[in-house]
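Below are the chains, spelled out letter by letter.
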Amino acid sequence: MRLNGDATPRNEQGKEIERGALQQQPKLVVGYALTSKKVKSFLQPNLEGLARKKGISFVPIDQSRPLSGQGPFDIVLHKLRGKNWQQNLEDYVEQHPEVTVLDPPEAIQHLCNRQSMLQDVADLDLSDWHGKVSVPKQVVIPKDPSSIPEAVSKAGLTLPLIAKPLIVDGTAKSHELFLAYDQFSLSLLEPPLVLQEFVNHGGVLFKVFIVGDAIKVVRRFSLPDVTKQDLSHSSGVFRFPRVSCSAASADDADLDPGVSELPPRALLERLVNELRWRLGLRLFNIDIIREHGTKDRYYVIDINYFPGYGKMPGYEHIFTEFLLGLVRGNYK
Ligand SMILES: Nc1ncnc2c1ncn2[C@@H]1O[C@H](COP(=O)(O)OP(=O)(O)O)[C@@H](O)[C@H]1O
Ligand SMILES: [Mg+2]
């Protein structure tokens, strides 16, 4: 953390202002390397305004130039892809251990594969802590689509299934999901894929945002339940649009409480604490669904790095406090 300027403070007429009358603001410089879409959704005027008041300034990073020649930064926020950028960032991390880089590139990498992404949840034993949390039963199809029917029956998966591209690389294609009513149609899809049991959840999903120690949950509309009748009358695979981005908030909707009631706070805190530590990340979100008709069967279906914080209520306060807390050493 730097202190603002060293010049003697002066008033508009150029007269010296008594020291102490002007409190020196700590100045925190946060460099950011984000896509233009992310900049628009994250760096909203209310965040920048509040940050300025608290002595935090956001400075854009030019990803085409070496990071070491830019700055100096106290904190670097990043979510970009590409080999050159990764190398640039890794060199910087090595040369500037004093700078907090959010988050470590290799920890983020872990979330780019839908199998490794959920592995830490699968390894957790959260079966009796204000509810049971697990991941839907799933199988990875690395290559050969003709192997699908056998792989599905071997893994004991129950229809319908959701097919998701194994690798999440930021492209629209990596978020192109399919719902399959029969396993034979799955051979039409292009591996590498994850095939996951579809869990009925009443059409509501819980998006859990994490910023350091802070946790906020919002409800979003999701895919409707698939009934036994739907299943017996349908076949084939159906593509569905990227629900998670476009889904409307379900926070104000008049919903059945059995569907809309938020997961217990104690369960979320335990889950997030475990994941923050296991994943080594401070900025991420978890998508959770609750099996329809149950009170406490939860499934984590997705984890993302640096999600759309613009949709997290009060994020400007939470984020600025988090950044200040980092330099105060609250999150060592
Ligand atoms: N196993 C599942 N059971 C029921 N619905 C699911 C399941 N997996 C995903 N979905 C639905 O599909 C949406 C997108 O899936 P997700 O795994 O979050 O992929 P993306 O990377 O595109 O966000 C979710 O928000 C949810 O509505
Ligand atoms: Mg998602």
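As the structure is a computational prediction, the values presented were derived from the model and not from experiment.

Parameters and conventions
Residues numbered from 1 in each chain as written. Chains lettered and ligands numbered in written order. Predicted model: local features only at pLDDT ≥ 70, side-chain atom pairs only at ≥ 80, totals over all residues. Pairing = 2+ DSSP bridges. Helix = DSSP H or I, 4+ residues; strand = E, 2+ residues; numbered from the N terminus. Axes fitted to C-alpha atoms, helices over the stretch in contact; angles between N-to-C directions. Buried ≥ 20, exposed ≤ 12 C-beta atoms within 10 Å, placed from the backbone. Core = buried A, V, L, I, M, F, W, Y, C linked by C-beta atoms within 7 Å. Contact = placed C-beta atoms within 7 Å. Parallel < 35°, antiparallel > 145°, perpendicular 65-115°, else oblique. Left-handed = near helix turned anticlockwise from the far one by under 90°. pLDDT = per-residue confidence, 0-100.

## Regarding the sheet that holds strand β6 (residues 132–134)
If you trace the 5 strands from one edge of the open sheet to the other, you get β6-β15-β14-β11-β12, paired in mixed fashion. Edge positions in the open sheet fall to β6 and β12 (214–221), since each of these has one partner strand only. Strand-to-strand twist across the sheet, computed as the mean angle between neighbouring axes with direction ignored, equals 30 degrees. Where strand β14 (residues 283–290) meets strand β15 (residues 297–305), 7 bridges bridge the pair, whose relative direction is antiparallel. In the sheet register, aspartate 287 faces β15, and the bridge partner there is aspartate 302.

## Section: the pairing of strand β10 (residues 193–197)
Burial analysis of β10 places 4 of its 5 residues in the buried class, the great majority of the element. With 5 bridges joining them, strand β8 (residues 161–165) and β10 adopt antiparallel strand pairing. Paired with isoleucine 162 across the two strands is glutamine 196, which belongs to β10.

## A closer look at the nonpolar core
Ranked by size, the top nonpolar core spans 72 residues in total, and within it Val30 and Val300 carry the most contacts. The element contributing the most residues to this core is strand β11 (residues 204–211), with 7 residues.

## Quick word on the environment of isoleucine 288
By the secondary structure assignment, isoleucine 288 is in strand β14. With 23 C-beta atoms packed within 10 Å, isoleucine 288 lands in the buried category. Between the C-alpha atom of isoleucine 288 and that of phenylalanine 206, which follows or precedes it by 82 residues, the distance is 5.1 Å. In this structure isoleucine 288 touches Phe206, Val208, Pro263, Tyr298, Tyr299 and Val300, once residues within four positions along its chain are discounted.

## Considerations on the sheet that holds strand β13 (residues 237–240)
An order of β7-β10-β8-β9-β13 is seen for the 5 strands of this open sheet, with the pairing classed as antiparallel. A strand with exactly one partner marks an edge of an open sheet, and here the two such strands are β7 (138–141) and β13. Strand-to-strand, the axes of this sheet are offset by a mean angle of 25 degrees, without reference to chain direction. Packed on one face of the sheet, helix α6 (residues 148–155) meets β7 and β10 and runs near 155 degrees to β7.

## Topic: the pairing of strand β9 (residues 177–180)
Here β9 shows a clear split, with Phe178 and Ala180 buried on one side and none of Leu177 and Leu179 buried on the other. In this structure, β8 lies alongside β9, joined through 3 bridges in antiparallel fashion. Within β9, the residue paired with alanine 163 across the bridge is phenylalanine 178. Pairing analysis gives 4 bridges linking β9 to β13, with the strands arranged antiparallel. Counterpart to leucine 177 in the pairing with β13 is phenylalanine 240.

## Observations regarding unusual backbone geometry
The step from glycine 71 to proline 72 runs through a cis peptide bond, and the omega angle for that step is 5 degrees. Look at the link from leucine 102 to aspartate 103: it is a cis peptide, with omega at -20 degrees. Within the secondary structure, aspartate 103 is located in the loop between β5 (100–102) and α4 (105–109). Located in the positive-phi region is phenylalanine 306, a residue other than glycine, with phi close to 40 degrees.

## Focus: the environment of alanine 155
Assignment of secondary structure puts alanine 155 in helix α6. Take alanine 155: there are 13 C-beta atoms within 10 Å of it, and that puts it in the partly exposed class. With 16 residues separating them in the primary sequence, alanine 155 and valine 139 have C-alpha atoms 6.7 Å apart.

## Some details on the packing of helix α2 (residues 45–53) against helix α11 (residues 315–328)
Between α2 and α11, whose axes approach to 9 Å, the crossing angle comes to 40 degrees. Relative to α11, the element α2 lies oblique. Relative to α11, α2 is oriented so that their crossing is right-handed. In this structure, α2 contributes Asn46, Leu47, Leu50 and Ala51 to the contact, and α11 contributes Glu316, His317, Phe319 and Thr320.

## Examining the confidence of the model for the protein
Confidence along the protein averages 89 in pLDDT terms, with 89% of residues attaining 70 or more. No element of the protein has a lower mean pLDDT than strand β1 (residues 2–3), at 47, and none a higher one than β14, at 98. Across residues 3–23 the pLDDT falls below 50, and counting only partners more than four positions away or on other chains, this stretch makes 14 contacts in the model.

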